[in-house]
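Here are the chains, one letter per residue:
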Amino acid sequence: MKCCRTTLPRLGQAVALGCGVLLAGCGAGPSGDGFESAIFSEVRVIGGRGNAPGRFVKPRSVAVDRADNVYVCDMTGRVQKFDPEGNYLLQWQMPEIERGRPKGMALDHEGNIVVVEPHYSRINHFTPEGRLVSQWGRHGRERGELSFPRAVAITPDGSAFVSEFQIVERLQKFGLARESVRVEIRGAGHGPSKFNRAEGLSLDATGNLYVADSCNHRVQVFDGDGMFLREHGGPGTARGEFSYPYDVRVDEQGRQYVCEFGNSRVTVLDADDRVLEIIGSAGSAPGRFNNPWSLALDSRGNLYVADSQNHRVQKLIRHEPAAEFQVSSSKFQGEGATRSPLAKRGWEGAGGASSTLPHLMFCLGRGETRPFQTLAKRSR
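Residues numbered from 1 in each chain as written. Predicted model: local features only at pLDDT ≥ 70, side-chain atom pairs only at ≥ 80, totals over all residues. Heavy atoms only, no water.

Student: Quick question: what am I supposed to make of the nonpolar core here?
Tutor: The nonpolar side chains of a soluble globular protein tend to be buried with one another. In this structure, Phe40, Tyr257, Val266, Ile279, Leu295, Leu303 and Leu316 are the most contacted members of the largest nonpolar core, which totals 15 residues. Sequence-distant contacts of Leu295, that is, excluding residues within four places in its chain, are made with Val62, Asp247, Arg249, Tyr257, Val258, Cys259, Val266, Leu303, Tyr304 and Val305. Of all hydrophobic cores here, the second largest spans 13 residues; its members include Ile185, Phe195, Leu209 and Phe222. (Core = buried A, V, L, I, M, F, W, Y, C linked by side-chain atoms within 4.5 Å. Buried < 20%, exposed > 50% of the residue type's maximum accessible area, 1.4 Å probe, protein only. Contact = heavy atoms within 4.5 Å.)

Student: Could you clarify how one ought to interpret the environment of Gly187 in this entry?
Tutor: Within the element layout of this structure, Gly187 appears in the loop between β15 (181–186) and β16 (198–203). Its relative accessible area of 14% is what places Gly187 among the buried residues. If near-sequence neighbours (up to four positions away) are discounted, Gly187 is found in contact with Glu169, Lys194 and Phe195. (Helix = DSSP H or I, 4+ residues; strand = E, 2+ residues; numbered from the N terminus.)

Student: Would you mind showing me how to read the pattern of salt bridges here?
Tutor: Oppositely charged side chains may form a pair once their charged atoms are brought near each other. In total, this model carries 24 salt bridges according to the counting rule given. Between Arg150 and Glu199 there is a salt bridge, with its nearest N and O atoms 3.2 Å apart. Of this pair, Arg150 sits in strand β12 (residues 149–154) while Glu199 sits in strand β16; the two residues are 49 residues apart in sequence, bridging distant segments of the chain. Here Arg150 falls in the buried class, since its relative accessible area comes to 3%. For Arg170, the salt bridge is made with Glu184, and the minimal N-O distance between the two is 2.9 Å. A residue pair is termed long-range when its members are at least 10 positions apart, and Arg170 in strand β14 (residues 170–174) and Glu184 in strand β15 qualify at 14 residues. Through salt bridges with shared partners, a single ionic network connects Arg143, Glu164, Arg170, Glu184 and Arg186. (Salt bridge = Lys/Arg side-chain N within 4 Å of Asp/Glu carboxyl O.)

This is how it looks when you write it as structure tokens:
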């Protein structure tokens, strides 16, 4: 099955139907823009560029609640909520955006929506209706403080893993009483348990933590106590290689979904870190991406992708029955052969349709600040 659908806000659907843009076929043509996947049957496009309700300006974070409603945070500094069909429901504005916009979302153990504010070194918990119920974080580089937090993953007991970069490269695990820190993994570098712009975080069904170590072009895996288990990836465009992985999610089957900002694609791996398929490449057609930034899984195993430079969210609909691949949003939100991910020297990479240079300036050494070339076709 090859299908794509564009979902617009309810107020605009009547006009959209008249213009023929609500439902569009996407069979493969001469340009190779067809959506192909063994895991997902179709792709639905939510939104488009703009400031109106249901539209986005560079969406960078996406999350799903227990009812499979979808929340999207973009560069306007607002959080928008959509129903499982992609219909716009409501929005709320973050109170402060002068220093920078929010980035990083998750679902907490009580069903609240967690929104990270990197430039304010704080983390917010909102009800699904947008009411602020908790806010925490104290700026600093010492243990228990936050410095440019990027992502959060909440465990069943309410503990919070938080990734940080730029001022200090580290990962911390806060107890439910946020003054207590159970784990701190600290240090910039390329070896195990070292980070170079750690971004997205995800917990699997056993409580292991997956870290998108973006500028090291790898995923690192830790147990719930912060012990290093393994890593996989490495810089490049081939299968099993990554270019600036900004997010990772793990389903209850142990499948890993890695969002590659640089290669403008999503790589799917099994529980043993073997590549199952690569979805998408650089472009604007449904099923293609332009610097994708964030991922979320719903209870049916459908995958949401914050397609940042295309100013939209894409929903990939899973083939398999929900009973086989159900993801428990209330249990875990967020999300292997070990080899050195930096073994290849002189790699320049391949990236999305827009320049990634502003983001690469934050990466350490080895020529990572070189602009990418556009990746024209998907690697298989």
